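Listed here are the chains, written in short residue letters.
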Amino acid sequence: MAPVTMPPVEEARDVFRRLGYSVDGDGVDLRAERKWRTVHVTALDAEDASSPPELRADGGTTEYRLRCFVTWMEAAGDLRDRLSGLDLDYEWAVIGVDGDDYEVVARAAGA
């Protein structure tokens, strides 16, 4: 497993590719597309998952109605709790990754 101080970017790409999405983008922000669905995917290291930067976690500007935050498994619960306490205007999910394994930790519908 990669260090938890690095965002799981390649793991996020792999998860969405396994789900049949095409994935584009550089850095920690990716765009995953499948049929009519476009998802803004953000990979977060363990520190950012525990206390996400404001732009990423408080409904900051995004053109997408679907967001997915991917982080290391041990940080996924903290991220879920943080996002659950916010009034977001998009549907979101948290995926925790550990090597080749992943788990959808939370899904919530926005306003």
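Residues numbered from 1 in each chain as written. Predicted model: local features only at pLDDT ≥ 70, side-chain atom pairs only at ≥ 80, totals over all residues. Heavy atoms only, no water.

A. View of the overall build of the protein chain. Of regular secondary structure, the protein chain possesses four helices and six strands. Along the protein chain, helices and strands appear, N-terminal first, in the series α-β-β-β-α-α-β-α-β-β. For the protein chain, with 111 residues in total, the buried portion stands at 40%. The long-range fraction of contacts in the protein chain, counting pairs at least 24 apart against all pairs at least 6 apart in sequence, stands at 55%. Of the roughly 6,100 Å² that the protein chain leaves accessible, carbon and sulfur atoms contribute 45%. (Helix = DSSP H or I, 4+ residues; strand = E, 2+ residues; numbered from the N terminus. Buried < 20%, exposed > 50% of the residue type's maximum accessible area, 1.4 Å probe, protein only. Contact = heavy atoms within 4.5 Å. Areas by Shrake-Rupley, 256 points an atom, 1.4 Å probe, with all protein chains shown as cover.)

B. Spatial organisation of the side chain of Thr42. Structurally, Thr42 can be placed in strand S3 (residues 37–43). A distance of 2.8 Å separates the side chain of Thr42 from the side chain of Asp29, its partner in a polar contact. (Polar contact = N/O pair within 3.5 Å; in protein donor to acceptor, adjacent residues only side chain to side chain.)

C. Looking closely at the pairing of strand S4 (residues 66–72). Of all the seven residues making up S4, seven are buried; the element is thus mostly covered by neighbouring parts of the structure. Note: S3 against S4, four bridges, orientation parallel. For Val41, the partnering residue across the bridge sits in S4 and is Cys68. As judged from the seven bridges shared by S4 and strand S5 (residues 91–98), these two strands associate in the parallel manner. Within S5, the residue paired with Val70 across the bridge is Ile95. (Pairing = 2+ DSSP bridges.)

D. Representation of unusual backbone geometry in the model. If you check the backbone angles, Lys35 has positive phi at about 50° while not being a glycine. With respect to the helices and strands, the residue Lys35 is situated in the loop between strand S2 (29–34) and S3. A relative accessible area of 78% means that Lys35 is categorised as exposed.

E. How the structure looks around the sheet that holds S2. The sheet built from six strands is open, its strands ordered S1-S2-S3-S4-S5-S6 with mixed pairing. In the strand order of this sheet, the two ends are held by strand S1 (22–24) and strand S6 (101–108), each with one partner. Each strand of the sheet is rotated relative to its neighbour by a mean of 25°, with strand direction disregarded. Set on the sheet, helix H4 (residues 73–84) makes contact with S4, S5 and S6; between it and S5 the angle comes to about 165°. (Axes fitted to C-alpha atoms, helices over the stretch in contact; angles between N-to-C directions.)

F. Structural view of a nonpolar patch on the surface. Taken together, Leu19, Tyr102 and Val104 make up a surface patch of nonpolar side chains, about 230 Å² in accessible area. Relative to the helices and strands, Leu19 resides in the loop between helix H1 (9–18) and S1. (Patch = residues over 30% accessible without salt bridge, like charges linked within 9 Å, V, L, I, M, F, W, Y side chains within 5 Å. Salt bridge = Lys/Arg side-chain N within 4 Å of Asp/Glu carboxyl O.)

Distances and angles like these do not, on their own, reveal function.
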